[in-house]
Amino acid sequence: MTATKITADKIRSMKGHGEKIAALTAYDFPMARLLDEAGIPLVLVGDSVGMVVLGYPDTTHVTLAEMEHHVRAVARAKPQALLAADLPYRTYETAEMAVANARRLVAAGAEAIKAEGGRAIVEQVRAILAAGIPFLGHLGMLPQHVLEEGGYHIKGKKDAEREALLADAEALTNAGAFAIVLELVAPSVALEVTRRIPIPTIGIGAGPDCDGQILVTHDLLGLWPWYNLKHVRPKLNAAEQMRAAAREWKLGLSK
Ligand code: KIV
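The following refers to the structure shown.

The rules behind each value
- Residues numbered from 1 in each chain as written.
- Predicted model: local features only at pLDDT ≥ 70, side-chain atom pairs only at ≥ 80, totals over all residues.
- Heavy atoms only, no water.
- Salt bridge = Lys/Arg side-chain N within 4 Å of Asp/Glu carboxyl O.
- Helix = DSSP H or I, 4+ residues; strand = E, 2+ residues; numbered from the N terminus.
- Buried < 20%, exposed > 50% of the residue type's maximum accessible area, 1.4 Å probe, protein only.
- Pairing = 2+ DSSP bridges.
- Axes fitted to C-alpha atoms, helices over the stretch in contact; angles between N-to-C directions.
- Near = heavy atom within 4 Å.
- Polar contact = N/O pair within 3.5 Å; in protein donor to acceptor, adjacent residues only side chain to side chain.
- Areas by Shrake-Rupley, 256 points an atom, 1.4 Å probe, with all protein chains shown as cover.
- Nonpolar A, V, L, I, M, F, W, Y, C, P; charged D, E, K, R; others polar.
- Phe/Tyr/Trp six-rings, centres within 6.5 Å; stacked < 30°, edge-to-face > 60°.
- Core = buried A, V, L, I, M, F, W, Y, C linked by side-chain atoms within 4.5 Å.
- Contact = heavy atoms within 4.5 Å.

1. Quick notes on the pattern of salt bridges
So, point 1. In this structure the tally under the stated criterion is 14 salt bridges.
So, point 2. A salt bridge links R196 to E192; its shortest N-O distance comes to 3.7 Å. Pair noted here: R196 and E192 are both in helix 9 (residues 187-196), with a separation of four residues, about one helical turn.
So, point 3. With a closest N to O distance of 3.5 Å, E240 and R247 form a salt bridge.
So, point 4. Residue classification places E240 among the partly exposed positions, given a relative accessible area of 30%.
So, point 5. In this structure R247 comes out as partly exposed when scored by relative accessible area, which is 48%.
So, point 6. If you follow the salt bridges from partner to partner, you end up with R162, E170, E192 and R196 in one network.

The structure is reproduced here in structure tokens:
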């Protein structure tokens with residue numbers, strides 16, 4: 001059977017068909033190939049690469065050149081999955097910057113672009129879409145704002161946050177985003193947003209009622225064992241298996 005390439009329109013149309021959208025991050029060729037072989041329809045080269053691969057304390061250190069490098073590696077896997085990539089911190093401050101930098105990621109192999117924010121970046125979103133590049137929104141806790149926010153906090157508990165989330169989700173929908181990631185959003189508000197907008201919501205730490213879920217693959221595999229995240233139950237303990245394999249190999253050398 002010939003595999004069908006997944007497009008942004010296909011992801012958008014999954015809402016309401018009873019099929020949850022499963023999305024995971026990939027930062028290199030083997031990870032992208034394995035996730036594709038597992039049938040994951042949406043693969044994100046997230047700027048979380050800065051933390052789980054490059055050793056930065058948060059995503060604000062990630063550069064566009066680093067993102068291009070990882071997007072190229074993932075694109076070499078030629079995934080059937082839609083390949084989305086993050087515009088990193090301060091690379092989309094104006095509509096012109098957003099389009100120029102989105103085009104660089106597309107030239108590296110990205111098929112859709114994600115950036116953080118709602119009404120505040122709607123001009124940038126419209127410009128990216130006008131350039132023919134599908135756009136994935138990101139609302140709720142915005143990791144690129146972690147320093148101003150003083151940490152990773154749940155959004156939507158206060159009335160003003162709930163109203164802002166609904167208005168931002170509507171603004172991104174009207175601008176033409178094909179889906180919106182909701183990160184660390186109070187589950188009842190994530191459900192309200194999901195019911196309110198016609199495009200899919202893809203949650204991370206936002207409860208079970210979004211149209212899909214996204215995880216950082218390192219968290220799913222237990223490859224990032226130094227933090228305990230409430231929203232992830234790892235399916236493997238890859239970190240411990242790697243330590244054990246290395247120890248066993250080392251011991252074998254002295255026999
Ligand atoms: O950078 C990233 O990996 C992300 C996901 C966690 C949604 O933005």
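2. Points about the sheet that holds strand 8 (residues 212-215)
So, point 1. Here we have eight strands rolled up into a closed barrel, ordered 1-2-3-4-5-6-7-8, and parallel in their pairing. Each neighbouring strand pair of the sheet contributes to a mean axis angle of 25°, computed without reference to strand direction.

3. A look at the site of the ligand
So, point 1. Surrounding the ligand, one finds T25, L44, G46, D47, S48, D86, K114, H138, V181, I204, I214 and V216.
So, point 2. A distance of 3.0 Å separates an oxygen atom of the ligand from a polar side-chain atom of D47.
So, point 3. One nitrogen or oxygen atom from the side chain of S48 is found 2.5 Å from an oxygen atom belonging to the ligand.
So, point 4. Here the ligand loses 96% of its free accessible area of 250 Å² to cover by the protein chains.
So, point 5. In terms of residue class, the shell around the ligand is made up of five nonpolar, four polar and three charged.

4. Brief notes about the packing of aromatic side chains
So, point 1. Tallied over the full model, the rule gives two aromatic pairs.
So, point 2. Geometrically, the ring pair formed by W224 and W226 is edge-to-face, given 5.0 Å between the ring centres and 85° between the ring planes.
So, point 3. Under the relative-accessibility criterion, W224 is labelled partly exposed at 21%.
So, point 4. We classify W226 as exposed; its relative accessible area is 59%.
So, point 5. Clustering of aromatic rings is evident, with ring pairs tying together W224, W226 and Y227.

5. Quick notes on the nonpolar core
So, point 1. Membership of the largest hydrophobic core comes to 58 residues, with the highest contact counts inside it found for L105 and L182.
So, point 2. At six residues, helix 8 (residues 159-175) tops the list of elements feeding residues into this core.
So, point 3. Those residues in contact with L105 that sit more than four places away from it in its chain are L64, M67, E68, V71, A85, D86, L87, A110 and I113.
So, point 4. In terms of nonpolar packing, the next biggest core, distinct from the first, is built from 18 residues, A84, A112, F178 and A179 among them.

6. Quick look at the side chain of Q144
So, point 1. Tracing the chain through its elements places Q144 in the loop between strand 5 (135-140) and helix 7 (146-149).
So, point 2. There is a polar contact of 2.7 Å between the side chain of Q144 and the side chain of Y92.
So, point 3. For Q144, the residues in contact, after removing those within four places along its chain, are D47, T59, T60, L87, P88, Y89, Y92 and E116.

7. Comments concerning the pairing of strand 1 (residues 21-25)
So, point 1. The element strand 1 is largely enclosed, with a buried count of four among its five residues.
So, point 2. With three bridges joining them, strand 1 and strand 2 (residues 42-45) adopt parallel strand pairing. Note on strand 2: the bridge partner recorded for A23 is L42.

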